Protein chains: 2
Amino acid sequence: MNTLEFGQALAELAADRRHGASELARQCLQIITQSARQVDVQTVSELRQVLTERAAALAASRPSMTPIQTLLVRWQDVLAALPDRDLAAARDQAATAAQNLLEESDQAMHRTATHARNLIKNNQTIITHSVSSTIREVFHQLRDAQIRVILTESRPLYEGRQLAEQLADWNISTTLITDAQLGLFTAEAHLALVGADAILADGSVINKAGTSLLALAAREHMTPFYVCAESFKQRPATLGEPTYEEMAPEEVAPVHTLASPYITIRNIYFDRTPAHLISGWINEHGVQRP
Amino acid sequence: MNTLEFGQALAELAADRRHGASELARQCLQIITQSARQVDVQTVSELRQVLTERAAALAASRPSMTPIQTLLVRWQDVLAALPDRDLAAARDQAATAAQNLLEESDQAMHRTATHARNLIKNNQTIITHSVSSTIREVFHQLRDAQIRVILTESRPLYEGRQLAEQLADWNISTTLITDAQLGLFTAEAHLALVGADAILADGSVINKAGTSLLALAAREHMTPFYVCAESFKQRPATLGEPTYEEMAPEEVAPVHTLASPYITIRNIYFDRTPAHLISGWINEHGVQRP
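Now for a description of the structure that goes with this document.

Each value, and the rule that gives it
- Residues numbered from 1 in each chain as written.
- Chains lettered and ligands numbered in written order.
- Predicted model: local features only at pLDDT ≥ 70, side-chain atom pairs only at ≥ 80, totals over all residues.
- Heavy atoms only, no water.
- Contact = heavy atoms within 4.5 Å.
- Buried area = accessible area lost by both parts, 1.4 Å probe.
- Salt bridge = Lys/Arg side-chain N within 4 Å of Asp/Glu carboxyl O.
- Polar contact = N/O pair within 3.5 Å; in protein donor to acceptor, adjacent residues only side chain to side chain.
- Helix = DSSP H or I, 4+ residues; strand = E, 2+ residues; numbered from the N terminus.
- Nonpolar A, V, L, I, M, F, W, Y, C, P; charged D, E, K, R; others polar.
- Pairing = 2+ DSSP bridges.
- Least-squares fit on C-alpha atoms with pLDDT ≥ 70 in both.
- Axes fitted to C-alpha atoms, helices over the stretch in contact; angles between N-to-C directions.
- Core = buried A, V, L, I, M, F, W, Y, C linked by side-chain atoms within 4.5 Å.
- Buried < 20%, exposed > 50% of the residue type's maximum accessible area, 1.4 Å probe, protein only.
- Left-handed = near helix turned anticlockwise from the far one by under 90°.
- Phe/Tyr/Trp six-rings, centres within 6.5 Å; stacked < 30°, edge-to-face > 60°.
- Lys NZ or Arg CZ within 6 Å of the ring centre and 35° of its normal.

Digging into the interface of chain A and chain B
Okay, so step 1: On the chain B side, the residues contacting the 49 residues of chain A number 49 residues.
Okay, so step 2: For the pairing of chain A and chain B, the buried interface totals around 3900 Å² over both sides, and the portion due to carbon and sulfur atoms is 61%.
Okay, so step 3: Linking chain A with chain B are four salt bridges, by the criterion used here.
Okay, so step 4: Residue Glu220(B) is joined to Arg219(A) by a salt bridge in which the shortest nitrogen-to-oxygen separation is 3.2 Å.
Okay, so step 5: Linking chain A with chain B are 23 residue pairs in polar contact (both at pLDDT 80 or more).
Okay, so step 6: Those elements that provide at least two residues to the side of chain A that touches chain B are α7 (159-169), β3 (173-177), α8 (182-185), α9 (211-220), β8 (263-265) and β9 (270-273) of chain A.
Okay, so step 7: No other element matches α9(A), which puts six residues into the side of chain A that touches chain B.
Okay, so step 8: Residue classes in the side of chain A that touches chain B are distributed as 26 nonpolar, 14 polar and nine charged.
Okay, so step 9: Bridge count for β3(A) against strand β8 (residues 263-265) of chain B is three bridges, and the pairing is parallel.

Focus on unusual backbone geometry
In terms of backbone geometry, most residues other than glycine have negative phi values and most peptide bonds are trans.
All names here are of chain A.
Okay, so step 1: The omega torsion across Arg155 and Pro156 is 5 degrees, close enough to zero to call that bond cis.
Okay, so step 2: With respect to the helices and strands, the residue Pro156 is situated in the loop between β2 (148-152) and α7.
Okay, so step 3: Positioned with a positive phi, Asn123 is a non-glycine residue whose angle comes to about 70 degrees.
Okay, so step 4: Considering the arrangement of structural elements, one finds Asn123 in the loop between α5 (87-117) and β1 (125-128).
Okay, so step 5: Notably, Asp144 is not glycine yet its phi reads approximately 70 degrees, a positive angle.
Okay, so step 6: Along the chain, Asp144 turns up in the loop between α6 (133-141) and β2.

Some details on the relation of the copies chain A and chain B
Two copies of a chain can be linked by a rotation about an axis combined with a shift along that same axis.
Okay, so step 1: Note on the copies: chain A fits chain B at an RMSD of 0.0 Å, the axial shift is 0.0 Å, and the rotation between them is 180 degrees. One copy is carried onto the other by what is essentially a two-fold rotation axis.

Examining the sheet that holds strand β5 (residues 198-199) of chain B
Residues and elements named next belong to chain B.
Okay, so step 1: Here we have three strands laid out as an open sheet, ordered β5-β6-β9, and antiparallel in their pairing. Looking at strand neighbours, the two that pair on one side only are β5 and β9 (270-273), the edges of this open sheet.
Okay, so step 2: Each of β6 (205-208) and β9 is contacted by helix α9 (residues 211-220), which is oriented at about 30 degrees to β9, the strand it contacts most.

Quick word on the nonpolar core
Okay, so step 1: Ile127(A), Phe225(A), Val227(A), Ile127(B), Phe225(B) and Val227(B) are the most contacted members of the largest nonpolar core, which totals 52 residues.
Okay, so step 2: Sorting the residues of this core by element identifies α8, β4 (191-194), α9 and β7 (225-228) of chain A together with α8 (182-185), β4 (191-194), α9 and β7 (225-228) of chain B as the ones contributing at least two each.

What about the pattern of salt bridges?
Residues and elements named next belong to chain B.
Okay, so step 1: Enumeration over the complete set of coordinates arrives at 28 salt bridges over all chains.
Okay, so step 2: Here Glu251 makes a salt bridge to Arg17, at a shortest N to O gap of 2.9 Å. Residue Glu251 is located in the loop between β7 and β8, and its partner Arg17 is located in the loop between α1 (3-15) and α2 (21-38); the two are separated by 234 residues in the primary sequence.
Okay, so step 3: Of the charged contacts, one joins Arg62 and Glu245 as a salt bridge, the two residues approaching to 2.9 Å between their closest N and O atoms. With Arg62 in the loop between α3 (44-61) and α4 (66-80) and Glu245 in the loop between β7 and β8, this pair connects stretches of sequence that are 183 residues apart.

A word on the packing of α4(B) against helix α5 (residues 87-117) of chain B
All names here are of chain B.
Okay, so step 1: Running from amino to carboxyl end, α4 crosses α5 at an angle of 145 degrees, the nearest separation of the two axes being 9 Å. Between α4 and α5 lies a crossing of right-handed hand. For the pair formed by α4 and α5, the contact residues are Leu71, Arg74, Trp75 and Val78 on the first element and Gln93, Ala94, Ala97, Ala98, Leu101, Glu104 and Ser105 on the second.
Okay, so step 2: Its residues assigned to classes, the contact of α4 with α5 comprises seven nonpolar, two polar and two charged.

Examining the packing of aromatic side chains
Okay, so step 1: Evaluated as defined, the whole model comprises two aromatic pairs over all chains.
Okay, so step 2: With 6.4 Å between their ring centres and 55 degrees between their planes, Tyr269(B) and Phe270(B) make a pair best called tilted. For the pair formed by Tyr269(B) and Phe270(B), the shared burial category is buried.
Okay, so step 3: Note that Arg161(A) overlies the ring of Tyr158(A), its terminal NZ or CZ placed 3.9 Å from the centroid.
Okay, so step 4: One cation-aromatic arrangement involves Lys208(A) over Tyr269(A); the distance from NZ or CZ to the ring centre is 5.2 Å.

Some points on the sheet that holds strand β3 (residues 173-177) of chain B
Okay, so step 1: Pairing within the open sheet is mixed, and its eight strands lie in the order β8(A)-β3(B)-β2(B)-β1(B)-β4(B)-β7(B)-β10(B)-β11(B). Both edges of this open sheet fall to β8 of chain A together with β11 (286-288) of chain B, since each of them pairs with a single strand only. For this sheet, the mean inter-axis angle between neighbouring strands, taken without regard to orientation, is 25 degrees.
Okay, so step 2: Note that strand β2 (residues 148-152) of chain B and β3(B) share five bridges and pair parallel. Each residue of the ladder has a partner; that of Arg148(B), found in β3(B), is Ser173(B).
Okay, so step 3: Along the sheet face, α5(B) touches β4, β7, β10 (280-283) and β11 of chain B and points at about 135 degrees away from the line of β10(B).

This is the structure we're talking about:
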């Protein structure tokens, strides 16, 4: 993967609105693997330098998505241990470390989904917001089950519509609503289940904007609210406060027709759900309750 | 207004997504006025019958919008008192009664808005959801004021965009957000202010879907949450439980691409905000607090 190809991959990653944090983190490890194997360098020292730079660029591209940062930080441990005089072996060790982490992350996601699936009983209704690979895997494990899923369209880019189509392929009954109807439909659900882009040290959760509204509605209707997120999503204090990514206003409204010095369109993608609204955190090790 | 014209007016009313309950109630009184003056009848008895039928049809066209029902019920008092043998005088009395109620409703709306305006101080930020003529009048009275308004796009038909343009015309700084960002932006507001389609006997409020989410976010962030609604919107117990109007699923998503026996698209327009989330009810008589 040469510099141009890396630049293109980085741009795609920064613009990606269809995949959740875990999936993009695994894409980053894939990019690192290809970079380790193919980047045009002559020495191990150069390899170390290029890979360090690329990892930093990848981590910075999606500041709200903690697993990208935690997995790349963990991967960087391998760099110090690379054999200084054997470039081929160094490439292989760096690539293998990235692949191992990718598999570890994938397994953690599947195990997390299994713990979540075990909370769900036949004939129950589950409400969710936005899309995450972990939540998708929960429903994949529940395909053909007698459950009903209420899901939001998830503005601005309506990724809930794609999830509805996916669930229909798995023979799962789905009710698609606008985000604004969350207050109406949470009352019908036995369980609210969401993914996460980050879990902070105090247990609060960063996820797609609107998640905090679902959590508030769940408390009001006494619906248990669970967060489903592998431990890679736990944001270490060393990473500092999380950033709330903001995307183009054009995604929200036709900017040209609303052009006025008096109108500002905001498009923040993430909000923070405080820990006191959360009934349980599900990761690959099981369910943790407050 | 002949039968055909009345049918067209009724269909337009049933399909109207741009105007709030007060405005549509005043349109109904306008239709009754024109009907009283022009409908093709020969006797006062026939006039009474046609007007009673038209009032019932108008009231049934928007079951979630209480002022349509309360104003038409009040207007019908005039029918019994019409002079039996003077059709011209009867037409005039029925029309005048409707016009008087229309003016009374309009004055109540302006007075309500003035009470709301008096709660707002310079340099404050107000958050609102959806559009109501009363809320629009509050901001009309605040034109050129040093305030900031955060408003939601209000899915499915994005009526918030039009309100943003209106406020810009009045030199009011406006921040337009998706409904899903309510949790993020309520924290920035000094005051949440919404209109209502109905206020129930227990003080709970029927308004555009999403209003209950704003109320929940307001409680979480300790932002006062006020409802601005003339007394015509108080739903008498005799009218029974309110209906939550549901509109076409096509407004929410492209139904043809999501055609599947497993997918149901829901488009309920109203939700109910319980009284315990409301800091105050503002009507033409002033502000009532719990």
